[in-house]
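Each chain is listed here by its residues.
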Amino acid sequence: MDRENDKAKSLLKQLTLEEKIGMIHGAELFATKGVERLGIPPLKMSDGPMGVRKEYEPDSWKALDLSDDYVTYLPCNSAIAATWNRELAYTIGKVLGEETRGRGKDIILAPGVNIKRSPLCGRNFEYYSEDPLLTAEMAAAEIKGIQECDVAACVKHFAANSQETERLWMESVMDDEVMERIYLPAFYAAVKKAGVYAVMGAYNRWKGVHCCQNRELLTHVLREEWGFDGVVISDWGGVHDTELAAQSGLDIEMSVTDNFDSYYMANPLKEAVERGEIPEELIDEKVLRILKLMERLHMFSDDRKQGCYNTPQHRQKALEAAQESVVLLKNEDKLLPLKPGKITSLLVVGDNGERLHASGGGSAEIKALYEISPLMGIKMFLGGNVRVGYARGYLVDEETQQEENWQETSLENGGGSMGADQSSDADRKARMELRRREAREEALRMALEYDQVIFVGGLNHQEDSEGHDRDCLTLPYGQDLLIQELLKIRPDTVVVLMGGNPMEMGEWKDSAKGIVYTSYAGCEGGYALASVLFGAVNPSGKLPQTFPKKLSQSPDQALGEFGLKDQVHYREGLLVGYRYYDRKELEPEFCFGHGLSYTSFAYDNLTLKPLKEGKQSLIEVSFRLSNTGDRDGAEVAQLYLGGPNRQESEPVRELIDFKKVFLKAGESAVVTFEVPCSEEKAGVNLVYLGSSSRDIRLEAEL
Ligand code: BGC
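As a starting point, this report considers the structure included with it. All values derive from a computational prediction rather than experimental measurement.

**With respect to the overall build of the protein chain**
- For the protein chain, the count of helices and strands is 19 helices and 24 strands.
- Relative to its length of 702 residues, the protein chain is compact, with a C-alpha radius of gyration of 25 Å against a globular reference of 27 Å.
- With respect to the principal axes defined by its C-alpha atoms, the protein chain has extents near 75 × 65 × 50 Å.
- By residue count, 63% of the 702 residues in the protein chain fall in the buried class.
- Look at the contacts in the protein chain between residues 6 or more apart in sequence, and 78% of them connect residues 24 or more apart.
- By element, 45% of the accessible surface of the protein chain is carried by carbon and sulfur atoms, the whole surface being about 26100 Å².
- One finds the centroid of the 82 positive side-chain charges in the protein chain at a distance of 4 Å from the centroid of its 114 negative side-chain charges.

Right under this line is the structure:
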């Protein structure tokens, strides 16, 4: 490391102010300037969480339209979180790292670890969970995988960036304790546990100051308290002031416009240094950190890992992750798995049956090498002897043609909007209603002609998208009516809902026997879904986010604020997600951590053993987990800590650890956790072990 520092320091000494300035701001939309005479390359970056983004012109949001920038489309972070499998998160990180390096990039602008505070946030599909621990654990694993490939992960968006509405200016307001316990732990884990090399600041403000130029956040918390020694990059267009940015601890300013020399940390900063208003040492610190990052990535050596993309192995990993991400929400009368041998004809109903999602959602868009839709996955699974039909059933709002890339104008109107044209032209609406009725009637007619009906609906990237939030939780495009009518005539219809967010279930929910939830699950998503529906894979996904019965139940609505333009008060405090439902004894539609299996699991023999006594004690918690059904399967055992006597503002219990355990039919295993307990947490005296946050199977006093 010393030798590395020496190299970085010696390079720094040889740089002119102009060259240094070139290294600390975007000189292209996704790259900084290198210094050729000294062999310093530019830093090349790319989005994003679901794979490496396509190539754009260096100075405009026009895609280059290449034939060689297709990539493996990976499951989104909501899907990865639903696997509750750290090893798998690590593996997907490794795939993403290899693809990033394979495409010749240095930094992948991922993962997004913001907390899903509200089920309405448009970017929730890019984030993991409402729970800080699950988010932290999955993200840390993924970052480790990415960075093993000589590329930097850039964990984003630091911090408290949980809404898209007015995202460039809104201020997230909360107590320090809430920030520390809910919104920062995933970033802390990225730094401390995974040694992340880069952090991206957020667009929003915190304590009155934009996060990308917020000294308290970027220097005090990140560097001084946590010891982060990597590089801080702004979100694209997140900087608003030269001096603040220069002093804040930010290292690289990026933006969406092509006036690179006029960026705040470009000529304006150079001139401020020349005038003596800002010390050059500040620039040196930034450049040194960038040079050290280059060293870490072996950018100056001949033995840098080369990476690879679109390999069959990557596709296989994408499939495995997608299969583990499917969540079985409801399965009455063992409707699922369907028995392929007994089905001679099957109808898929719903726009999501056929829709491809990879290229949507905002900066997380992917130019997928391929994407298997649910319809194709089902056909691939069943083969040619089964007659598979398709009815769209519901129609998505007409998508308006976007002439330019949305990101080009994303700094306008307070944060850009990627949504479809919301014009409420009465004629168009009436025409659409008519077409929707026809589509619905056609699906209902066809539903009687097949042995089995599978509805595949939910959300898409018109709803789940960067740049805007949803305004309600109900299923869009008249799906409730369609599902309800389908279930009336075909009570055995399997309902599959897809999305990066919860959705309200209509009245139909009680009559549906089988409900399955899947996120945007990558290139193999459709096949993964089919393998679960037909029982080749036993579902083992669990919800990383509570599904409310109604939007009004959600804590950001009931106690706090959401989607406002200026300040947004996080009045629910610590009671985010299940913490709120448990505290208020509310029944959600499906609780955090919920997910069924085709087999059953029993929990017994809970034992607690002190490993270390004192102020910071350590306790070993172990129990026996048995697969009591007739299929091999995996269970996510969830360990919560809490107690009934905690203060009202505290959660009754909080997730403290989890383990995903694969067991053959009839097999048992002893599962062990090590639980740190500090005396400071008043009222924490119970350990809960559950199959979900509500299905607590074992309980013991600490
Ligand atoms: C997003 C970031 C993204 C960046 C670059 C911004 O709009 O907020 O997550 O990495 O653009 O595309």
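**What to know about the pattern of salt bridges**
- Enumeration over the complete set of coordinates arrives at 62 salt bridges.
- The salt bridge involving Asp69 is made with Lys367; its shortest N-O contact spans 2.5 Å. Taken together, the residues span a long stretch of sequence, with Asp69 in the loop between β3 (45-46) and α3 (77-83) and Lys367 in the loop between α13 (351-354) and α14 (374-382) at a distance of 298 residues.
- Of the residues examined, Asp69 reaches a relative accessible area of 1% and is grouped as buried.
- The closest approach of N and O atoms between Arg181 and Glu654, which form a salt bridge, is 3.5 Å. Of the two residues, Arg181 sits in helix α6 (residues 176-183) while Glu654 sits in strand β21 (residues 653-663), which places them 473 residues apart along the sequence.
- Exposure remark for Glu654: the relative accessible area of 12% places this residue in the buried category.

**Re the nonpolar core**
- With 196 residues, the main nonpolar core has Phe158 and Trp236 as its most contacted residues.
- The contact partners of Phe158, leaving out residues within four places of it in the chain, are Leu184, Phe187, Val199, Met200, Gly201, Ala202, Cys211, Leu217, Leu218, Val221, Leu222 and Trp226.
- Phe601, Leu663, Val675 and Cys677 belong to the second largest nonpolar core, which has 19 residues in total.

**A word on the site of the ligand**
- Around the ligand there are 15 residues in total, and Asp47, His157, Asp235, Gln407 and Glu466 lie nearest to it.
- Between the ligand and Arg123 there is a distance of 2.7 Å, counted from an oxygen atom to a side-chain nitrogen or oxygen.
- Asp235 places a polar side-chain atom, nitrogen or oxygen, 2.7 Å from an oxygen atom of the ligand.
- When the free accessible area of the ligand is taken as 310 Å², the share hidden by the protein chains comes to 100%.
- Residues that form the shell around the ligand fall into these classes: 5 nonpolar, 3 polar and 7 charged.

**What about the sheet that holds strand β15 (residues 494-498)?**
- The strand order β11-β16-β15-β14-β12-β13 describes an open sheet built from 6 strands, whose pairing is mixed. Each having just a single partner strand, β11 (327-331) and β13 (387-391) make up the two edges of the open sheet. When strand polarity is set aside, the average angle formed by the axes of neighbouring strands in this sheet is 20 degrees.
- Relative to β15, strand β14 (residues 452-458) runs parallel, the two being bridged by 5 bridges. Each residue of the ladder has a partner; that of Ile454, found in β15, is Val494.
- Docked against the sheet, helix α15 (residues 426-447) engages β12 (345-349), β13 and β14, running at close to 165 degrees with respect to β12.

**Let's talk about the sheet that holds strand β18 (residues 601-612)**
- Pairing within the open sheet is antiparallel, and its 3 strands lie in the order β18-β19-β22. Of all strands in the sheet, those bounded by a partner on one side alone are β18 and β22 (668-678). Neighbour-to-neighbour, the strand axes of this sheet turn through a mean angle of 20 degrees, independent of strand direction.

**Comments concerning the side chain of Glu504**
- For Glu504, the position within the fold is in the loop between β15 and β16 (514-518).
- Side-chain polar atoms of Glu504 contact the side chain of Lys550, separated by 3.3 Å.
- Among the polar contacts made by the side chain of Glu504, one reaches the main-chain amide nitrogen of Leu551 at a distance of 3.2 Å.
- Aside from chain neighbours lying at most four places away, what touches Glu504 is Leu473, Thr474, Leu475, Lys549, Lys550 and Leu551.

**Section: helix α4 (residues 86-102)**
- For α4, spanning 17 residues, the distance from its first C-alpha to its last is 24 Å, which sits close to the expected 24 Å at 1.5 Å a residue.
- Among the residues making up α4, those that are buried are Leu88, Ala89, Ile92, Gly93, Val95, Leu96, Gly97, Glu99, Thr100 and Arg101.
- In the core, the buried residues of α4 are packed alongside α3, β4 (107-108), α5 (132-147) and α12 (312-325).
- Between a side-chain oxygen at the N-terminus of α4 and the backbone nitrogen of Glu87 the separation is 3.0 Å; the capping residue is Asn85.
- Downstream of α4 by one or two residues, Gly104 has phi in the positive range, about 80 degrees.

**Re the environment of Ala27**
- Note that Ala27 resides in strand β1 (residues 26-28).
- Along the sequence, Ala27 and Asp258 sit 231 residues apart, while their C-alpha atoms lie 8.3 Å from each other.
- Residues contacting Ala27, with those up to four places away along its chain left out, are Thr32, Lys33 and Phe260.

**Remarks on the side chain of Thr518**
- Inspection of the secondary structure puts Thr518 in strand β16.
- On the basis of relative accessible area, Thr518 is assigned to the buried category, the value being 3%.
- Ignoring sequence-local partners within four residues, the contact set of Thr518 consists of Val496, Leu497, Met498, Gly499 and Leu529.

**Points about the packing of α5 against helix α7 (residues 185-192)**
- Interhelical geometry of α5 versus α7 gives an angle of 30 degrees and a closest axis separation of 8 Å. One way to sum up the angle between α5 and α7 is to call them roughly parallel. Here α5 runs over α7; the crossing is right-handed. In contact with Pro132, Thr135, Ala136, Ala140 and Ile143 of α5, α7 contributes Pro185, Ala186, Ala189 and Ala190.

**A short note on unusual backbone geometry**
- With omega at 10 degrees, the peptide bond leading from Phe158 into Ala159 counts as cis.
- In this model, Leu336 is joined to Pro337 through a cis peptide bond whose omega is -5 degrees.
- One can find Pro337 in the loop between β11 and β12.
- Phi is positive for Ala160, which is not a glycine, with a value near 55 degrees.

Quick notes on the rules
Residues numbered from 1 in each chain as written. Predicted model: local features only at pLDDT ≥ 70, side-chain atom pairs only at ≥ 80, totals over all residues. Heavy atoms only, no water. Helix = DSSP H or I, 4+ residues; strand = E, 2+ residues; numbered from the N terminus. Rg over C-alpha atoms; globule rule 2.2 N^0.38 Å. Buried < 20%, exposed > 50% of the residue type's maximum accessible area, 1.4 Å probe, protein only. Contact = heavy atoms within 4.5 Å. Areas by Shrake-Rupley, 256 points an atom, 1.4 Å probe, with all protein chains shown as cover. Lys, Arg positive; Asp, Glu negative; His and termini not counted. Charge placed at Lys NZ, Arg CZ, Asp CG, Glu CD. Salt bridge = Lys/Arg side-chain N within 4 Å of Asp/Glu carboxyl O. Core = buried A, V, L, I, M, F, W, Y, C linked by side-chain atoms within 4.5 Å. Near = heavy atom within 4 Å. Polar contact = N/O pair within 3.5 Å; in protein donor to acceptor, adjacent residues only side chain to side chain. Nonpolar A, V, L, I, M, F, W, Y, C, P; charged D, E, K, R; others polar. Pairing = 2+ DSSP bridges. Axes fitted to C-alpha atoms, helices over the stretch in contact; angles between N-to-C directions. Expected span 1.5 Å × (residues − 1). Parallel < 35°, antiparallel > 145°, perpendicular 65-115°, else oblique. Left-handed = near helix turned anticlockwise from the far one by under 90°.

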